[in-house]
Every structure is written in C-alpha cells, then in structure tokens.
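The residues making up each chain are set out below.
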Amino acid sequence: MGLPTLEFSDSLLDSPEFRERLQCHEIELERTNRFIKDLIKDGNMLISALRSLSLAVQRFSQSLREFQFECIGDAETDDEVNIGERKQLEMAKYIQNADDVLISPLERFRKEQIAAVKEEKKQFDKETEKYYSVLEKHLSLSSKKKESQLLEADSQMSKDRQVFYDASLQYVFKIQEVQERKKFEFVEPLLAFLQGLFTFYHEGYELASEFEPYKQQLQFNLQNARNNFESTRAEVERLMKRIRSAEEDFKAPSCFTMEGYLYIQEKRPLGSVWTRYYCTYEKSSKMFTMGNTETRPAKMFRLRSCVRRKTESIDKRFCFDIEVVERHGVITLQALSEANRRLWMEAMDGKEPIYTLPSLLSKKEENAWDNKTITSGLKNYFRCLAEPLLTYRLHKEFIKAASKILRAIHALVHKIPEKNRVMLDLLTYHLFKVSSHSEQNMMTVSNLGMIFGPTLMRSQEETVAAMMNIKFQNIVVEIIIENHDKIFGEAPDLSMPLPQAPSSRSTPRRNKAICLSSGKRKARLYSPALCLADNDSESLCLQPTAPVSHHVSVVDGY
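As the structure is a prediction and not an experimental result, all values here were calculated from the model. (Residues numbered from 1 in each chain as written. Predicted model: local features only at pLDDT ≥ 70, side-chain atom pairs only at ≥ 80, totals over all residues. Heavy atoms only, no water.)

A. Structural detail: the packing of helix α15 (residues 445-456) against helix α17 (residues 470-482). Between α15 and α17, the shortest axis-to-axis distance is 7 Å and the interhelical angle comes to 120°. Taken as axis vectors, α15 and α17 run oblique relative to one another. The element α15 and its partner α17 pack so that their crossing is right-handed. On α17, the residues that touch V445, S446, L448, G449, M450, F452, G453, P454 and L456 of α15 are I470, Q473, N474, V477, E478, I481 and E482. Broken down by class, the residue content of the contact of α15 with α17 amounts to nine nonpolar, five polar and two charged. (Axes fitted to C-alpha atoms, helices over the stretch in contact; angles between N-to-C directions. Helix = DSSP H or I, 4+ residues; strand = E, 2+ residues; numbered from the N terminus. Parallel < 35°, antiparallel > 145°, perpendicular 65-115°, else oblique. Left-handed = near helix turned anticlockwise from the far one by under 90°. Contact = heavy atoms within 4.5 Å. Nonpolar A, V, L, I, M, F, W, Y, C, P; charged D, E, K, R; others polar.)

Structural data, given as structure tokens:
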C-alpha cells in the first residue's frame, strides 16, 4: 500500500485522520532525507578511500537494495515500477567524477527540496498553534458585547483562518510534490553514476551492449515519470487554488453528512467547561460521534432532535442544543462560526432555515475563442462535454484495465454508449494517422496519449487521488489509438471474464539485483534524450535515438 493521498479539502477540516495521513508523509520524507545523507556519506567514502573500495561499494549497493520508493495512491504505472527496480542494479566498480555526477545532485535535492518542505512544516506548525489559540479566544467572546466589536472580531478571525488555510494548503502541496519529484531526481544521478562506471573502466563493447537496453528503458521510464509529474502537478495546483478560494461554509466531500470540530459544554463540580471534540454525523442512521485524543474510542449517540440555542439564553455565540437517545437532557454544542452552525443544523434537520450550500466545484463554461488551431478547438470541445467520451460510469474500470491488457480495453470500449463509441472511433482513427507521421511531427502514440488522456477520460470527483490517475488515463488512450483497427473493427472476446487489476500493491517490489545478461526488454514507442552529467562531462551525456518526446506542442499545429 502506497502513501495515502492528501486532499486539499481535508486540510480545511484539519481532522485527526488528516493529521495521521500527513504524518505518514512526514515520516516517509524524513526517512528519505536520512537515506540520502547516508548515501552521500557512503559515496564520499567510495571516492576518497580507494583501498577500501570493495567494502564501500558493498555498503552502497546494500543501501540501494533496501530502499524502496513509496508512490502516492494505490497503483503504479509500469514506468514507476521499472524506476523502482532499475535502481537495484549491482554497483561493483568505481565511477569517474562521481562527486559531480552523484553526490552533488543528491545533496542539492536534500538541501533545496527536502529543506523547503521542512520550512513549510515550521510555518504550518506555527500557524496551527496561532490559529487555534486565536480561535479559542474568539469563541470566548461574550454575545453581550457591542455589535461593532463582534463584527470586528469576526473579520479578524476570518483573516487569521485564511492565513492558516493558506499555510496548510501550501504545506500539503509541497510535501506531495517532493514525494513525486524524488522518483526522477533521485534516480537520474544513479543512472549517470552507472554510465560513468562503465565508461571509466572501459569494459568493452559487450558489457556496454548488455547495459544499453536497461539504460534506454530506464530513460523512457524517467521521461514518462517526469511528463506525468508535470501534467499531474498542474492539475493538482489548479485544484489547490480552487480549494483555497472556497467560501467559509464550504463542505468537503465526505462519507459523513457532516464532520468537524465542535466545543461541547461539560458540567464539572466547580462549574462548566467547554471542551473541543472532533464530531461526525451520519444522517441516515442519525449516529453522532464525538472524540478527541483523550477519549478513545469515540463516544457514539443516536440523535433525537436538534434546536438552535437562542442568543440571549447563553453567554456564548454559535450554540445549538441536541437531544440523544442514550442520555437525558440536552447537550449544548458551540460551532466555529455562524456559517458552520448553519451547516450542522441543516445536516441534523434542526430548526433553522435550510440554506443552499454554494457549489464550490461548479464548472465554469469554457470557450475556444483564443485557440488558434483546429486541434486545440477539438480538445476543448471534448474537455467541455458534460460527461467525457469514455463516460464516468466506466472510468474506474478503464483505470483498472490500464495495465496494457488489450482485451480488457477492447471490451470496455464496446460498453460505452453507441454515439460515444462512434465519435471515439473517428477521433482515434485520425490520431492513429497522425502518429504514423511521428518522424516529422514528433507525435508518437505515447505523446498523443499524454495529450488526449485527460481530455477523453476524467473522474467525476475533483480530488488529488483522481489527479494521480491521469497517468493511467494516458495509457488507456494510448492503447486505444495504437490498436484502433482491432478495437473498432472486431467484436470483443467475452468468452472469458475480464481480468481485474488489484487495487493496491499486493506484493513487495523485487529487491534482488538485476542481472545485465538477463535479456533485452522491448522499448517504448519513443526514446527521449536525457543528459546525466554537467556540460564539461561529455562522455556521460546519453544521446537520443528517436525524436524527443517532450515536443508535445507540435500537435496544436498539425
């Protein structure tokens, strides 16, 4: 199971479950930081201690074999699996200029990327402590104060809340960015290290030939991982900005009808105190739960009624009373704001007017007035459809089938509505013809899949987890384009049940070193260039054997 996805909407709730998921990322990041520091230390030993070469290489290789990447989400692409395995090649020899090729990039990644996350965490922790301190003071204001004073306090509270939300969103965005970035920024120096190792010792043509398929395949995997990172990062950043602009009474998607922090009045021998609990309510079962770090398991009650507390009846703001089956009398609760109280009252069918929850994620109409080419207009047309061409209903099944099982994709295409299938047939036939001229227009099947994947497929929910599936959407569209004649010209074979891809990684990655003589692997459809050394280290620059895949803008001018 990979790292849990951090949703921006969850950061607004700041629930205990969100904090636990965030802590998983922080632990993994700290583990990565320690590992890189150890790797740099061992690498320096390798460079300076020639007489202890064998021991240093053994420790270095052992560290690599023990380390495993953890990817965000439950599934991985072939590229991510291959990147995780390629780093386990045996490193038994010394590399020239290892400090510039290996040590410096790793040290730079640790100091620039991981250190930036630590600074964001300091800011996040600082704003968290400040926000809850200010919130408790704000909630303690007497309702008998002047209206102007209360309005001024509410305005200041909103500003403090926005500062906390901004710090939380930025921290979630940065920590996930570094988790994804390390997949290629960590492996690239290692690949350069291997290339220099063979160059320095002049192992000869046979050894270089054996290494070449692995080097090329890993280049393809790294370029795909980088392309997926760039496209996914743009979508995740757009989602973060939309969540940041949410209004105060926005309710994030959840399995509960309502959840969040409430202050509950508890009677004590010397008076009453207000204690903060994280509460949830499920409308169909009328189950109300309340818990905090001191009460485990959480207390559960069945709701009987909910009534707004009159302002003049209590010296607190935003209060409402509930009655439960398991306890006599009323339980007085204090919400975080008037808007927050309205949401709780609405969820519990309380005696409050029903407010229409504004839709944060409503989609704005898009147009193509600024597009200069027919292709861009076509992409916008498919992007603006109320439902994508491959339909929301079959989205998860397509994602499961994205492990390049052609028969599964074939069968699923014939499940979509007839009008959708006819349009998909016309479009992918045209794209197939475009790919046949890839030597001139740079538009390989892989590039077309990356461009049209998010256009023809998308999840109905806009979450970070859904954004992480963009790479699988690209693979599905790539398979449909590449196998157009078979998919649309032949009926699918339904005699056998469709294979079901596992929802999570069922077995650990192979930690056995890969043997260079184990045979060649079939390369992907394009061969990107990837320079793995500085400008003055020409011997370590890997030249392309086919058009560079990142020239994706050519499709807009085709």
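B. Representation of the pairing of strand β5 (residues 319-324) within the structure. Along β5, five of the six residues are buried, which leaves the element largely enclosed by surrounding structure. As consecutive antiparallel partners, β5 and strand β6 (residues 327-334) are separated by two residues. (Buried < 20%, exposed > 50% of the residue type's maximum accessible area, 1.4 Å probe, protein only. Pairing = 2+ DSSP bridges.)

C. Up close: the packing of aromatic side chains. One pass over the structure, following the stated rule, counts eleven aromatic pairs. Their ring planes at 20° and their centres at 6.3 Å tell us that F124 and F164 sit as a pair that is stacked. In this pair, F124 sits in helix α5 (residues 98-139) while F164 sits in helix α6 (residues 147-185), placing the two residues 40 residues apart along the sequence. On the basis of relative accessibility, which here comes to 1%, the residue F124 falls in the buried class. Residue F164 is classed as buried on the basis of its relative accessible area of 1%. Ring geometry for Y131 against Y132: centres 5.1 Å apart, planes inclined by 65°, an arrangement best described as edge-to-face. Taken individually, Y131 and Y132 each receive the classification buried, so the pair is uniform in this respect. Joined through ring pairs, the aromatic side chains of F124, Y131, Y132, F164, Y165, Y171, Y261 and Y278 make up one cluster. Directly above the aromatic system of Y132 lies the positively charged group of R276, at a separation of 4.6 Å from the ring centroid. If you follow R276 out to its NZ or CZ, it ends over the ring of Y261, 4.7 Å from the centre. (Phe/Tyr/Trp six-rings, centres within 6.5 Å; stacked < 30°, edge-to-face > 60°. Lys NZ or Arg CZ within 6 Å of the ring centre and 35° of its normal.)

D. Up close: the side chain of S143. Within the fold, S143 resides in the loop between α5 and α6. Beyond its immediate sequence surroundings of up to four residues, S143 is in contact with L150, T311, I314, D315, K316 and R317.

E. Spotlight on the pattern of salt bridges. In total, this model carries 25 salt bridges according to the counting rule given. The partner of E212 in a salt bridge is K215, and the shortest N-O contact between them spans 2.9 Å. Taken together, the residues E212 and K215, both in helix α8 (residues 205-244) and three residues apart, mark about one turn of the helix. Here E212 falls in the partly exposed class, since its relative accessible area comes to 28%. (Salt bridge = Lys/Arg side-chain N within 4 Å of Asp/Glu carboxyl O.)

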